[in-house]
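# Examining the three-dimensional arrangement
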Amino acid sequence: MSVPTRPAGAARPPGMYDVARLAGVSHMTVSRVLNDHGSVSAETRRKVRAAIDELGYRRNVAARTLVTRRSSTIGIITSGSMLYGPSSTMIAVERSARDAGYYVSLASLASIQPSAVAEAISYFVDQGVDGIAVIAPEAGVAHMAEPFISAVPVVLIAAGAEPAAGVQITAIDQEQGARQATRHLIDLGHTVIGHVAGPEPWFDASARLRGWRRELAAAGLSPGPVITGDWTPESGVRAARTLLERGLPSALFVANDLMALGVLRVLHEAGVAVPEQISVVGFDDMPGASHFAPGLTTIRQDVEGLGAQCIGMLLDAFDGHPTDRPPVPARLIVRDSTAPPR
């Protein structure tokens, strides 16, 4: 059996030793530059980068994987939701992975069911990823990673979930954010505070509902009316119409900004002035929330911080030192949709 040979005259791709020779450094120095090692001077780093550009060098990832037993790839599993929270979280995790020198492989599932998530994790394990981040907004996925925890580190992004042993959790503190929103309304003097909740299967919706109830209880107040939506502006429209029929509270905490947008539209069409007749608080601080009419008081989610924490936990696990970290705090952003009751 003949072994294929390189055609005569065909130039071989430039290698690390070629870069080292052109830059006048050792191949170990080139390796340190490629891996962002801090011990290389700025001038040497500049020479190496210039040589890489001149030669058109590209590192052989397959060979590097054989040597290091790492693929420099992280798998991300997401529901494929285009809603602000899951989509912005996915982007933040990808950006943080890239900043840490990792590529990502994405599995966007039509629905996050335990069997589908397990299949995606199995695929990623077979592909040799170094770790997996699961963006799990819905309940029912807590134990999906159990068969694979010995193969690769798994971080689950899910507020309030209790996963299998060995699976780490990170999340934005949804309950704390909801309590901030509710406390803001209480501090303004509102005593009848309603809630437009997100759908029950979602971890975030349950945590925000729980935070609203607990902050009211801490203030000695009874919960106002609760209506469940589905995160869309249309469900906010339906909720506001229902509240108009039943009687409006003096303030309303809405579980996300999109539903709040629907609420504000219906109140405007009904001639109900915000915040003069009812105060409204949202959650997310999605792009454009400051341009709602009026500008929406809301809870800002630090998705960049969440992405960085997720990747940081994976990196710690890669080094054999997995760490638990507290939830990423949310922050109240006060605008024109809230005021003291009149």
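Within each chain, residues carry numbers counting from 1 in the order of the written sequence. pLDDT decides what is reported in this predicted model: residues at 70 or higher carry local features, side-chain atom pairs at 80 or more are listed and counted, and totals for whole chains, interfaces and linings draw on all residues regardless. As a rule here, side-chain values come from all non-hydrogen atoms in the structure, and water together with hydrogens is ignored.

## Here's the deal with the pattern of salt bridges
What counts as a salt bridge is simple: a side-chain nitrogen of Lys or Arg found within 4 Å of a carboxyl oxygen of Asp or Glu. Evaluated as defined, the whole model comprises 16 salt bridges. When the shortest N-O distance is used, the salt bridge between Arg335 and Asp285 registers 3.0 Å. Taken as a pair, Arg335 in the segment after strand E11 (331–333) and Asp285 in the loop between strand E9 (279–281) and strand E10 (298–300) lie far apart in primary sequence, 50 residues in all. By the criteria applied, helices consist of DSSP H or I runs no shorter than four residues and strands consist of E runs no shorter than two, each listed in order from the N terminus.

## Digging into the nonpolar core
The biggest cluster of nonpolar side chains holds 32 residues, and the ones touching the most others in it are Ile74, Val93, Ile193 and Phe253. At the level of elements, strand E1 (73–78), helix H5 (84–99), strand E3 (131–135), strand E4 (154–157), helix H7 (174–188), helix H8 (203–218), strand E8 (251–254) and helix H11 (303–318) are the ones that each hand at least two residues to this core. Here this core gets seven residues from one element, more than from any other, and that element is H11. In contact with Ile193, not counting residues within four places along its chain, are Thr182, Leu185, Ile186, Trp212, Leu216, Pro223, Gly224, Ala251 and Phe253. We call a set of buried residues a nonpolar core when its members are Ala, Val, Leu, Ile, Met, Phe, Trp, Tyr or Cys and they connect through side-chain atoms within 4.5 Å of each other. We call a residue buried when its accessible area falls under 20% of the maximum for its residue type, exposed when it is over 50%, and partly exposed in between, using a 1.4 Å probe and counting protein chains only. Grouped together as the second largest cluster of nonpolar side chains are 26 residues, Val196, Ala240, Leu243 and Phe292 included. The contact rule is simple, with two residues in contact once any of their heavy atoms fall within 4.5 Å.

## Section: the pairing of E8
Side chains Ala251 and Phe253 of E8 all project onto a buried face; the interleaved residues Leu252 and Val254 project onto the opposite face, where all are buried too. In this sheet, E9 lies alongside E8 in parallel orientation, the contact comprising three bridges. Bridging across to E9, Leu252 finds its partner in Val280. Here a crossover is taken to be right-handed if, once the strands point away from the viewer, the path from the first strand over the helix to the second is traced clockwise. Read from E8 through helix H10 (residues 257–269) to E9, the crossover connection turns out right-handed. Strand pairing follows a simple DSSP-based rule, namely that at least 2 bridges must link the two strands.

## Overview of empty space enclosed by the protein
A 1.4 Å probe that fits but cannot get out identifies a cavity on a 1 Å grid over protein atoms alone, an open set with protein on both sides within 12 Å along at least five of seven lines counts as a pocket, and a residue lines either if it has an atom within 4 Å of a point. Grid points are joined across faces, edges and corners, and a volume is the space filled by probe spheres set on the points. Taken as a whole and assessed by the stated rule, the structure comprises two cavities of 30 Å³ or more. The space that makes up the largest cavity amounts to roughly 280 Å³. Gly85, Pro86, Asp204, Arg208 and Gln301 are, among the 23 residues lining the largest cavity, the residues nearest its centre. Only H5, H8 and H11 provide two or more residues apiece to the lining of the largest cavity. Top element by residues in the lining of the largest cavity is H5. It accounts for four residues.

## Comments concerning H5
Taking 1.5 Å per residue, 16 residues should reach 22 Å; H5 reaches 22 Å between its end C-alpha atoms and fits that length. Among the residues making up H5, those that are buried are Gly85, Pro86, Ser87, Ser88, Thr89, Ala92, Val93, Ser96 and Ala97. Buried-residue contacts for H5 involve E1, strand E2 (103–108), E3, E4 and H11. Here the expected length of a helix is defined as 1.5 Å per residue gap, with one fewer gap than residues.

## Comments concerning the packing of helix H1 (residues 16–23) against helix H2 (residues 27–34)
Put simply, H1 and H2 touch, their axes get as near as 8 Å, and they point 105 degrees apart. It follows from the interaxial angle that H1 and H2 lie roughly perpendicular. Along the contact surface, H1 presents Met16, Tyr17, Val19 and Ala20, while H2 presents His27, Val30, Ser31 and Leu34. Of the residues that constitute the contact of H1 with H2, the class distribution is six nonpolar, two polar and no charged. To obtain an axis, a line is fitted to C-alpha atoms, over the contacting stretch when the element is a helix, and the angle between two such axes runs from 0 to 180 degrees between their N-to-C directions. Angle categories are assigned with fixed cut-offs, so that under 35 degrees is roughly parallel, over 145 is roughly antiparallel, 65 to 115 is roughly perpendicular, and the rest are oblique. Throughout this entry, Asp, Glu, Lys and Arg are counted as charged residues, while Ala, Val, Leu, Ile, Met, Phe, Trp, Tyr, Cys and Pro are counted as nonpolar. The remaining residues, Gly among them, count as polar.

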